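This is what each chain is made of:
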Amino acid sequence: QLAVPVAVVFAPGSVPGDLPRPLPFKDVQETEISVNVRTSVTSCYQMVYRSTTAQEEAALDVATAREADAALHPLQDASLGSLTVYVVPETSCLLPQGISVYVGKHRSALVRAGGGLATLHTRLRQLMQVMSFTDSSIAAALSDRMPGSQLGPDARRHLKSSLGYEITFSPLNPDPKSHAVHWDIEDAVNRYVQPVLDKLSLVANFSVDSQILYYAVLGVTPRFDKESSSFLLSAHSLPHVINPVEARLGSSAASLYPVLNFLLYVPERSHSPLYIQDKDGAPVSTNAFHSPRWGGIMLYNVEAPASPQASLPLHVYVDMVRVMEVFLAQLRLLFGLSREELPPEILLESPGNEGLADWELDRLLWAHTVENIATVSTTLNSLAQLLDKIGNIVIKDDVASEVYRAVASAQSAMAKLATGHLHSAFQASKEAVTSSERAFFDPSLLHLLYFPDDQKFAIYIPLFLPMAVPILLSLAKIVREARQRKKEPTKID
């Protein structure tokens, strides 16, 4: 059960006339998300309806919704997973014309009153689908337990929950004789990537590195288009680009955590300019594409020199702003933070330099917490089945304590989710994953996993058979002699 604390705060002049009770009062709305026959998730919105305080009224008495969002931020509940919705009068000038819902950068939103309680409930439901978890985000988190037919196209795009991620930025220069590529990756990471990773540090640990690869080609020959005098890569050829490039990267071989690869490809002079076509044959505006759970590749075309006699190699200074915009958008896609198409009456505030809003971080934590609990359940079930199959396995005390710790942490995480404490639930789920993985991959168990009974016979028969032959022959001789003694008559003096 996932409990979401929601405060609905009415500004003066915005209270609907058909409220069932006088303010303040509480209400609970529950819906069930069915995953499969054995698994279901209940979403429980714990609504608290109240009037604004004097401080909140002063914060709402500003010119724009953005200023109101900034002024209200210190006054609201800052705990992860909570939402605060401020209902403003229908005639309020805070919201632009035609906008009925404004979602800020933090954990609050402004909703225009009007049409009574039914309209307000409809807008609140829309808002919770945007700012909190949805059926699709929970389904994506539990994709391993769902039939493939029920999963949407984006369910397997998101990265699996992990304790850490490694991000690698790599420019590919297939033609270093013609192009000398210069990019200030350190400054770009500090300015554009680090604020996002600081915000995501609650979710996991991140490490960032970069490398330059020379003579690394895409492995796909582009098609020349006479009309545009350019080379084109079609959408169906893009999957064939990944394997040849990945063979040169070498970063995932020694990594404990998932590696996200962001590649900047500078086409060689013989295939320049190079553009990507989508499935409809139209050019892709960013000239980039991403691969689910792997990373993204951007093509960076170099302008041809004005004179054919220009000295080679040409010095290429990469525009890091343009490149990082694309890579950060791909990073958001990989973490499932892409913003869906919304009705025109809902306005989302841009997160700015931080890269993601507070409520987007909460959405990520909801999904990862649920996924972690499911992972712990699967790991411990697998361990239990393994121990049932191998009857003579020895379980050490430290392995047993890790199993007990994993179960206790998973139960604690579920209890915290049911009470709406998202941060402590996520921390408990991470501890549960760590303990369950330690138990499953303990070295004392590993050498017994690949030692079935038929292998025991294969090992011991060559050892004992040479010893058994003389013993068996001696036993047979003793039996023969005993039988002969019985047959011979005994002499009587």
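By convention here, each chain's residues receive numbers from 1 onward along its written sequence. Given that this is a predicted model, residues contribute local features only at a pLDDT of at least 70 and side-chain atom pairs are listed and counted only at 80 or more, while totals for whole chains, interfaces and linings are drawn from all residues. Excluding hydrogens and water, the side-chain figures rest on all heavy atoms present in the structure.

Q: Explain the UniProt feature "transmembrane region" (unreviewed entry) in the protein to me, using residue names and the numbers behind them.
A: Mapped onto the present numbering, the UniProt feature "transmembrane region" (unreviewed entry) falls on residues 457-479. In this text, helices come from DSSP runs of H or I with a minimum length of four residues, and strands from runs of E with a minimum of two, each type numbered from the N-terminal end. Along residues 457-479 the backbone is 100% helical and 0% strand, and the end-to-end C-alpha distance reaches 28 Å. UniProt positions are given in the numbering used here, feature names are shortened, and annotations may be inferred rather than shown by experiment.

Q: Could you give an account of the domain arrangement of the protein, with specific residues and numbers?
A: Along its sequence, the protein is carved into domain 1 (2-141), domain 2 (164-335), domain 3 (358-388 + 396-445) and domain 4 (451-492). Domain boundaries shown here were taken from an automatic or database domain assignment. Using C-alpha coordinates to define each centre, domain 3 is positioned 55 Å away from domain 4.

Q: Could you give me a rundown of empty space enclosed by the protein, with the residues and numbers involved?
A: In this analysis, the protein atoms alone were mapped onto a 1 Å grid. Cavities are point sets where a 1.4 Å probe fits without being able to get out; pockets are open sets with protein on both sides within 12 Å along at least five of seven lines; lining residues have an atom within 4 Å of a point. Grid points are joined across faces, edges and corners, and a volume is the space filled by probe spheres set on the points. Inspection of the entire model under this criterion finds one cavity of 30 Å³ or more. The calculated volume of the largest cavity comes to roughly 30 Å³. In terms of lining, the largest cavity is formed by Asp-69, Leu-72, Tyr-102, Gly-104, Ser-108, Ala-109 and Leu-110. The element best represented in the lining of the largest cavity is strand E6 (residues 108-112), accounting for three residues. In this count, Pro and Cys sit with the nonpolar residues alongside Ala, Val, Leu, Ile, Met, Phe, Trp and Tyr, while Asp, Glu, Lys and Arg are called charged and the others, Gly among them, polar. Classifying every residue of the lining of the largest cavity by side-chain character gives four nonpolar, two polar and one charged.

Q: Would you mind going over the packing of aromatic side chains in detail, with residue names and values included?
A: Put simply, two rings from Phe, Tyr or Trp (the six-membered ring, in Trp's case) pair if the centres are within 6.5 Å, and we call them stacked under 30 degrees between planes, edge-to-face over 60, tilted for the rest. Per the stated rule, a full pass over the model turns up 13 aromatic pairs. The interplanar angle of 20° and the centroid separation of 4.7 Å between the aromatic rings of Phe-25 and Tyr-49 together place this pair among those described as stacked. A residue pair is termed long-range when its members are at least 10 positions apart, and Phe-25 in strand E2 (residues 25-34) and Tyr-49 in strand E3 (residues 40-51) qualify at 24 residues. Accessibility expressed as a relative area gives 1% for Tyr-49, which makes it buried. The cut-offs for exposure are 20% and 50% of the maximum accessible area for each residue type, with area from a 1.4 Å probe on protein chains only; residues under the lower value are buried, those over the upper are exposed, and the others partly exposed.

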